[in-house]
Amino acid sequence: MGETLLSVRGVTRRFPGVRALDHVDLEVRTGEVHALVGENGAGKSTLMNILGGVLSPDEGRIELAGRPVRFHDAHEAGQAGVAVVFQELSLVPNLSIAENIFANRQPTLAGGFVHRARLEADAQRLLELFQLALPPGRLVKHLSPAHAQLVEILKAISQRPRLLILDEPTSSLSGVETQLLFDNIRRMKLEGVSIIYISHHLPEVFAVADRVTVLRDGRRVATREVSEVDEETLVRLMVGRELSNVYGRREGEIGEELLRVEGATREPAFRDVTFSLRRGEIVGLAGLVGAGRTELGRAIFALERWQKGELYLEGRRLSLRDAHQAIAHHVGYLTEDRKAQGLFPRMSVRDNVIAPSLSRFARRLGWMSDRAATRFAEECRGMLSIATPSVLRRVAHLSGGNQQKVLFSAWTGIAPRVLIVDEPTRGVDVGARSDLYAYLRRLAGSGVGILLISSDLLEILGLSDRILVMREGRLVAEFGREEAGEEAIIAAATGVTAAAS
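As the structure is a computational prediction, the values presented were derived from the model and not from experiment.

A.B. asks: Would you explain helix α1 (residues 44-51) in this entry?
C.D. replies: Within an α-helix, residues lying three or four positions from one another point in the same direction, as the helix has 3.6 residues per turn. In terms of burial, α1 is a largely internal element, seven of the eight residues being buried. The complete set of buried residues in α1 reads K44, T46, L47, M48, N49, I50 and L51. Positioned one or two residues after α1, G53 has a phi angle of 85°, which is positive.

Okay, here's the thing in structure tokens:
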């Protein structure tokens, strides 16, 4: 690592009623991977938006390569060599992969026409960095969330930045894709690129970062060499308290079979999948992106149609036509994309948590009981420690972790017997994760069967009573809690045996 590339001194940013950043200092060296960690609301995204030209600081000084800078927009930041991969993707769905990667920077022919062949060839070389067998001409709207995330990262890499800022870059990625990202980060680091790496996944910090800065309540509380701290120290600095055994322990006993799936097939996503879920059991569903896990979960919840297969609930065969029928049978599904598919951001916390169970709050003639709805929302706020001054506050104004808690709360109202949770802690800080894991434990302890779909292997291992592994649409392995391990799961997910590796 070399001299200082980025120097932030005393940066402050206020919003109505809150000081998001309070005289924050940060120094990033040339060729350094500098992790930035903190709970939701700590100020990480505000600082990133300032460095990326989206916001301006109210106070403070920023220097890049020794020269004062104050970016007025993202274009200015890009021209200065700063590229940002935001957690909220900026891709245009109706443009191709290549057109998104090189947006406003397409190679041209004489006369200003786009050089289509060169555009796609340049994009193909970038796709190979992540071993992506995707045609550069494919429209982004046809990509999975994971592939869209990788295209967003490639868009930033293609700009050849001096400073690359990555905000939760692995939130949609499998373990294999995450390792490929780390390989590319190490390559860029050797080329002298500086990287600010923002993540709630602390093991990633220790895998890839040189130094780490902790923010809490808008203030910098510490900067440390990664080699000099451990995960417990970082958690204590982030949350200001001790967090022990974040995954919790099993409550109650596992009961009889609750849900059974037999021969489920919907080509090409998944085929001939058979498994069971018992009362009070947490079954983890692991696999690479594209293995068919999400599609299977959506099909069980009747968001997608099966081509063949049978579904049984408490021994009785079900034929669900839509999600409304699934809810009527007390089956819930927590989507992996809370903003696009799970929540109504412009509506209040109260209106979101009652959405799947409106009939509970209906009075005669179809009117809703505001008092009952508000009482239920208040119960949810207390149960999951949702940080909001009022249950009438819009969900869009909450942090990511609190939005996820609202999404969890929404399924409480249907009194679920089966709950399918897809990437339940994506973009959620360690403190909120602890609350959500405790909630899942309580649900399982009350007899609810939980199907946990997650790309976070530590989460799968920490919560699951059994682990199922999918590969290329098929169920290829099953592990009991005691026999499961990261290497065995990855081997099953990739098809690479331990002996071959």
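Read on, since the account is not over.
A.B. asks: Sorry if this is basic, but what is going on with the packing of aromatic side chains here?
C.D. replies: Evaluation of the coordinates by the stated rule reveals six aromatic pairs. When the centroid spacing of 5.7 Å and the interplanar angle of 25° are considered together, the rings of F301 and Y333 count as stacked. Placement of F301 in the loop between α9 (293-300) and β14 (308-313) and of Y333 in strand β16 (residues 331-334) is noted, with a sequence separation of 32 residues between them. Overall, the relative accessible area of 4% leaves F301 in the buried class. A residue is classified by how much of its surface remains accessible, and Y333, at 5% relative accessible area, is buried. Members of the aromatic cluster, joined through ring pairs, are F301, Y333 and W411. It is R360 that lies over the ring of F376; its NZ or CZ is 4.8 Å from the centre.

A.B. asks: Just to check I follow, could you spell out the packing of helix α5 (residues 145-157) against helix α6 (residues 175-190) for this structure?
C.D. replies: Geometry of a packed helix pair, given as the angle between the helix axes and the separation of the axes. Look at α5 against α6: their axes get within 12 Å of each other, and the N-to-C directions meet at 5°. Comparing their axes, α6 and α5 come out roughly parallel. When α5 is examined against α6, the residues A146, H147, L150, I153 and I157 are found in contact with a partner set consisting of E177, L181, R187 and M188. Here the contact of α5 with α6 is built from residues that sort into six nonpolar, one polar and two charged.

Calculation rules
- In this numbering scheme, every chain counts its residues from 1 along its sequence in written order.
- In keeping with the predicted nature of the model, local features appear solely for residues at pLDDT of at least 70, side-chain atom pairs appear and are counted solely at 80 or more, and the whole-chain, interface and lining totals rest on all residues.
- Each side-chain value is worked out from all heavy atoms of the structure, with water and hydrogens disregarded.
- Think of it in three bands: with a 1.4 Å probe and only protein chains considered, a residue is buried below 20% of the maximum accessible area for its type, exposed above 50%, and partly exposed in between.
- Numbered from the N terminus, helices here are DSSP runs of H or I no shorter than four residues, and strands are runs of E no shorter than two.
- Here the aromatic set is Phe, Tyr and Trp, taking the six-membered ring for Trp, and pairing holds for ring centres within 6.5 Å; pairs whose planes are under 30 degrees apart are stacked, those over 60 apart are edge-to-face, and all others are tilted.
- Either the NZ atom of lysine or the CZ atom of arginine qualifies as a charge over a ring when it sits within 6 Å of the ring centre and within 35 degrees of the ring normal.
- Lines fitted to C-alpha atoms define the axes here, with helix axes fitted over just the stretch in contact, and angles between the N-to-C directions of these axes take values from 0 to 180 degrees.
- Comment on the angle field: the value is read as roughly parallel under 35 degrees, roughly antiparallel over 145, roughly perpendicular from 65 to 115, and oblique elsewhere.
- Note on definitions: a residue-residue contact is assigned when non-hydrogen atoms from the two residues lie within 4.5 Å.
- Put simply, Ala, Val, Leu, Ile, Met, Phe, Trp, Tyr, Cys and Pro go in the nonpolar bin, Asp, Glu, Lys and Arg in the charged bin, and everything else, Gly too, in the polar bin.

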